[in-house]
Amino acid sequence: MPWIPIRSVDKHVHSMLIKMDDNHMLTIKSFKKDRTVTVKKSGGEFNIIEEGFRNQNFTVDEKSLKKTMKDIIDLEYPRSHKVMVSEQEIHT
């Protein structure tokens, strides 16, 4: 997927995550690719892996997904103008 402006990425990512099938993941990367946020969907829950400013994993439900993603994007990409968003299937 192409580069997405940071001011609209939270809405774009949220709609992609809601429509995404199980066993798929969405990755958000900065231009330098030194900060990455990966979201894996399984069942009705989303496992978020944050690698950058903070390195942590946590699981959220669909109800708190939008606010959580907005907070993470604001923290991880404070000076970015665009981020790369890609979706892929998890092969097990």
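Data block above holds the structure.
As a starting point, this report considers the structure included with it.

Cut-offs used in this document
- Residues numbered from 1 in each chain as written.
- Predicted model: local features only at pLDDT ≥ 70, side-chain atom pairs only at ≥ 80, totals over all residues.
- Heavy atoms only, no water.
- Pairing = 2+ DSSP bridges.
- Helix = DSSP H or I, 4+ residues; strand = E, 2+ residues; numbered from the N terminus.
- Axes fitted to C-alpha atoms, helices over the stretch in contact; angles between N-to-C directions.
- Contact = heavy atoms within 4.5 Å.
- 1 Å grid on protein atoms, 1.4 Å probe; cavity = no way out; pocket = protein on both sides within 12 Å on 5 of 7 lines; lining within 4 Å.
- Points joined across faces, edges and corners; volume = space filled by probe spheres on them.
- Nonpolar A, V, L, I, M, F, W, Y, C, P; charged D, E, K, R; others polar.
- Patch = residues over 30% accessible without salt bridge, like charges linked within 9 Å, V, L, I, M, F, W, Y side chains within 5 Å.
- Areas by Shrake-Rupley, 256 points an atom, 1.4 Å probe, with all protein chains shown as cover.
- Salt bridge = Lys/Arg side-chain N within 4 Å of Asp/Glu carboxyl O.
- Lys, Arg positive; Asp, Glu negative; His and termini not counted.
- Charge placed at Lys NZ, Arg CZ, Asp CG, Glu CD.
- Expected span 1.5 Å × (residues − 1).
- Buried < 20%, exposed > 50% of the residue type's maximum accessible area, 1.4 Å probe, protein only.

### Considerations on the sheet that holds strand β5 (residues 55–61)
Okay, step 1: As summarised here, the arrangement of the six strands in space is β1-β6-β2-β3-β4-β5, forming an open sheet in which the pairing is antiparallel. Each edge of the open sheet is held by one strand with a lone partner, namely β1 (3–5) and β5. Strand-to-strand twist in this sheet, taken as the mean axis angle between neighbours without regard to direction, amounts to 25°.
Okay, step 2: Of the strand pairs in this sheet, strand β2 (residues 24–29) and strand β3 (residues 36–42) are connected by six bridges, and their pairing is antiparallel. By the bridge assignment, Leu26 is partnered in β3 with Val39.
Okay, step 3: This element, helix α1 (residues 6–19), spans β1, β2, β3, β4 (45–51) and β6 (82–89) of the sheet and lies at about 120° to β1.
Okay, step 4: The strands that helix α2 (residues 62–76) touches are β2, β3, β4 and β5; relative to β5, the one it contacts most, it runs at about 155°.

### Description of unusual backbone geometry
Okay, step 1: Notably, Asn23 is not glycine yet its phi reads approximately 60°, a positive angle.
Okay, step 2: Notably, Lys33 is not glycine yet its phi reads approximately 60°, a positive angle.
Okay, step 3: Along the chain, the position of Lys33 falls in the loop between β2 and β3.

### Topic: the layout of surface pockets
Okay, step 1: Put simply, the largest pocket is a space of about 200 Å³.
Okay, step 2: Together, Ser30, Phe31, Lys32, Asp34, Arg35, Glu76, Tyr77, Pro78, Arg79, Ser80 and Lys82 line the largest pocket.
Okay, step 3: Grouping the constituent residues of the lining of the largest pocket by class yields three nonpolar, two polar and six charged.

### Focus: a negative patch on the surface
Okay, step 1: Taken together, the side chains of Asp21, Asp22, Glu87 and Glu89 define an acidic patch exposed on the protein surface.
Okay, step 2: By the element assignment, Glu87 lies in strand β6.

### Digging into α1
Okay, step 1: Spanning 14 residues, α1 covers 20 Å between terminal C-alpha atoms, matching the ideal 20 Å at 1.5 Å per step.
Okay, step 2: What α1 keeps buried is the set Val9, Asp10, Val13, His14, Met16 and Leu17.
Okay, step 3: Looking at the buried side of α1, the elements it contacts are β1, β2, β3, β4, α2 and β6.

### Let's talk about the pattern of salt bridges
Okay, step 1: Across all of its chains, the model carries four salt bridges by this definition.
Okay, step 2: We note a salt bridge from Glu50 to Arg54, for which the minimum N-O separation is 3.1 Å.
Okay, step 3: Residue Arg54 is classed as partly exposed on the basis of its relative accessible area of 32%.

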